[in-house]
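# Fold and contact review
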Amino acid sequence: MITYDPATVPHSQMHGILLSGVAPRPIAFVASRSPQGDVNLAPFSFFNAFASKPPVVAIGPAVSVRSGKVKDTWRNILDTGECTISAVTHGMLHQMNLAAAEYPHGTDEFVKAGLTKANAETVGVPYVAESPFAMECRFIQNIELFRDEGGNGNIMLLRVHRIHVKESILTDGKIDPRKMDLVARMGYHWYARVTPDVCFELPQPGEKLGIGFDALPESIRTSPILTSNDRGMLASVLSMPPREETFATVQSNADSIEHELIARNPRSALDAALRMGKTDIWTLHRIARAFLQLGDVGSAWQTLYLAHPDVAP
Ligand SMILES: Cc1cc2nc3c(=O)[nH]c(=O)nc-3n(C[C@H](O)[C@H](O)[C@H](O)COP(=O)(O)O)c2cc1C
């Protein structure tokens with residue numbers, strides 16, 4: 001493990017290190033307007049939502065370390081108290097990057113980047129019409145970060161007054177991340193694209209208190225076959241399920257454990273193991289793992305009880 005102390009690492013290096021670990025970050029495409037009326041558009045990945053009642057988001061426009069110049073976005077929001085934030089999709093990646101160029105004050109990056117202005121309802125700043133998700137925001141507060149130590153950061157808190165969502169990203173009335181094609185900023189010059197194949201659902205446990213790793217039998221906690229995620233799923237049950245005697249009854253005429261595991265068919269793999277008498281601990285752990293990969297925690301526990309009859313409650 002390499003350990004960094006920000007006090008002794010040059011800023012240029014610290015920037016890359018910090019932002020590689022604080023990732024992926026959503027990208028806010030922030031539109032603002034100067035008191036003279038000039039529209040400005042720039043991306044900010046120091047960005048997130050911090051409350052939903054009422055909705056509050058924050059962006060972090062920095063003061064340039066090189067030139068000491070403040071961002072037009074920051075100045076405009078302080079001056080006029082308004083902005084819009086549009087989500088950045090993969091389809092507008094290069095337009096977003098173009099809008100990040102340091103064009104002179106007064107340049108309209110909607111024009112430079114070839115993006116379309118959509119009229120907002122509650123603020124006098126347009127949002128990006130091509131974006132499937134956009135917010136109208138009003139300035140709450142700016143926090144200057146450690147200026148007395150030469151710090152260059154800001155946190156701008158913004159209250160959201162309207163949210164616009166394209167119907168094309170909905171499934172059954174809910175926003176579907178698989179339809180948004182968002183891009184996120186990683187460290188250095190890396191980005192990530194949120195394609196449908198990388199999206200998955202995982203409900204929060206809330207009041208459901210899993211038994212925890214500490215309650216897992218030793219043989220399961222130390223299994224070289226099961227992964228930490230496998231153990232996490234097993235430890236999420238509210239109590240260890242009772243043993244089902246009928247689980248060890250052969251249900252099919254499957255005869256190849258390997259074949260059935262490759263076919264992601266753990267029940268048939270178990271049948272083959274039972275039929276062939278190949279019920280050693282590690283074979284059963286592999287079959288239990290295959291059940292877990294299908295989200296079938298109950299069958300995984302029953303399979304593990306076959307490997308360790310003594311641990312069943
Ligand atoms: C993906 C991406 C994310 C960025 N995030 C930030 C950020 O969080 N804070 C910041 O100060 N600059 C950030 N930048 C740089 C600004 O977009 C850039 O300095 C821009 O010129 C500022 O425009 P403005 O002066 O018109 O506000 C980012 C650039 C890119 C490409």
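Every residue gets a number counted from 1 within its own chain, in the order that chain's sequence is written. It should be noted that, the model being predicted, local features are given only for residues of pLDDT at least 70 and side-chain atom pairs only at 80 or more, the latter also being counted only at that level, while totals for whole chains, interfaces and linings use all residues.

## Some thoughts on helix α2 (residues 72–80)
- Neighbour counting defines burial: a residue surrounded by 20 or more other C-beta atoms within 10 Å of its own C-beta is buried, one with 12 or fewer is exposed, and intermediate counts give partly exposed, using backbone-placed C-beta atoms. Counting from the N terminus, the helices are the DSSP runs of H or I reaching at least four residues and the strands are the DSSP runs of E reaching at least two. Along α2, the positions that sit buried rather than exposed are D72, T73, W74, N76 and I77.
- A pair of residues counts as a contact when their C-beta atoms, built from backbone coordinates, are separated by no more than 7 Å. Against the buried residues of α2 lie β2 (28–33), β3 (39–44), β6 (82–87), β9 (133–145) and β10 (153–165).
- G81, located one to two residues past α2, shows a positive phi value of around 75 degrees.

## Things to note about the site of the ligand
- Each residue receives a C-beta atom placed from its backbone. It is near a molecule or strand if this atom lies within 6 Å of it. A42, F46, K71, D72 and T73 are the nearest of the 17 residues found near the ligand.
- Counting residues per element, the ones that place at least two in the shell around the ligand are β3 and α2.
- With 4 residues, the single largest contributor to the shell around the ligand is β3.
- When residue character is reported, Ala, Val, Leu, Ile, Met, Phe, Trp, Tyr, Cys and Pro are called nonpolar, Asp, Glu, Lys and Arg charged, and the others, Gly included, polar. Split by residue class, the shell around the ligand holds 8 nonpolar, 5 polar and 4 charged.

## Looking at the domain arrangement of the protein chain
- For the purposes of this description, domain bounds are those given by an automatic or database domain assignment. Domain annotation for the protein chain reports domain 1 (11–198) and domain 2 (213–311).
- Each of domain 1 and domain 2 was reduced to a C-alpha centroid, and the two centroids are 47 Å apart.

## Remarks on helix α9 (residues 281–293)
- Here α9 contains 13 residues, and its C-alpha end-to-end distance of 18 Å stays within 8% of the 18 Å for a straight helix at 1.5 Å per residue.
- For α9, the complete set of buried residues consists of T283, L284, H285, I287, A288, R289, A290, F291 and L292.
- Looking at the buried residues of α9, the elements they touch are α6 (228–234), α7 (257–262), α8 (266–276) and α10 (297–307).
- Looking one or two places after α9, you find G295, whose phi comes out positive at around 80 degrees. Helix span, expected: 1.5 Å multiplied by one less than the number of residues in the helix.

## Quick look at the sheet that holds strand β13 (residues 183–185)
- Paired strands, in this sense, are two strands between which DSSP finds at least two bridges. Taking strand neighbours across the sheet as the criterion, the 3 strands line up as β1-β13-β14 in an open arrangement whose pairing is antiparallel. Looking at strand neighbours, the two that pair on one side only are β1 (25–26) and β14 (191–193), the edges of this open sheet.
- Inspection of the sheet shows β1 paired to β13 by 2 bridges, in the antiparallel sense. Considered in β13, the bridge of R25 is made with R185.

## Quick notes on the sheet that holds β6
- An order of β3-β2-β6-β9-β10-β5-β4 is seen for the 7 strands of this open sheet, with the pairing classed as antiparallel. Each edge of the sheet is formed by a strand with only one pairing partner; in this case those strands are β3 and β4 (47–52). Along the sheet, successive strands turn relative to each other by an average axial angle of 30 degrees, direction set aside.
- With 6 bridges joining them, β2 and β3 adopt antiparallel strand pairing. Bridge pairing in β3 links S32 to N40. Note on method: axes are straight lines fitted to C-alpha atoms, helices fitted across the in-contact stretch only, with angles between N-to-C directions ranging 0 to 180 degrees.

## Quick word on the packing of α8 against α9
- Relative to each other, α8 and α9 sit at 165 degrees, their axes nearing to 9 Å. Classified by the angle their axes make, α8 and α9 are roughly antiparallel. As for the relative orientation of α8 and α9, their crossing is left-handed in sense. The residues of α9 that touch α8, namely those facing P266, A269, L270 and A273, are T283, I287, A290 and F291.
- Taken together, the residues of the contact of α8 with α9 sort by class into 7 nonpolar, 1 polar and no charged. Between 65 and 115 degrees an angle is taken as roughly perpendicular, under 35 as roughly parallel, over 145 as roughly antiparallel, and anywhere else as oblique. The handedness criterion is simple: a crossing whose near helix is rotated anticlockwise from the far helix by less than a right angle is left-handed, and one whose near helix is rotated clockwise is right-handed.

## Structural notes on the pairing of β4
- Alignment of β4 against strand β5 (residues 55–59), held across 5 bridges, turns out to be antiparallel. Bridging across to β5, S52 finds its partner in P55.
- Where β4 hands over to β5, the hairpin turn is made up of 2 residues, counted between the paired strands.

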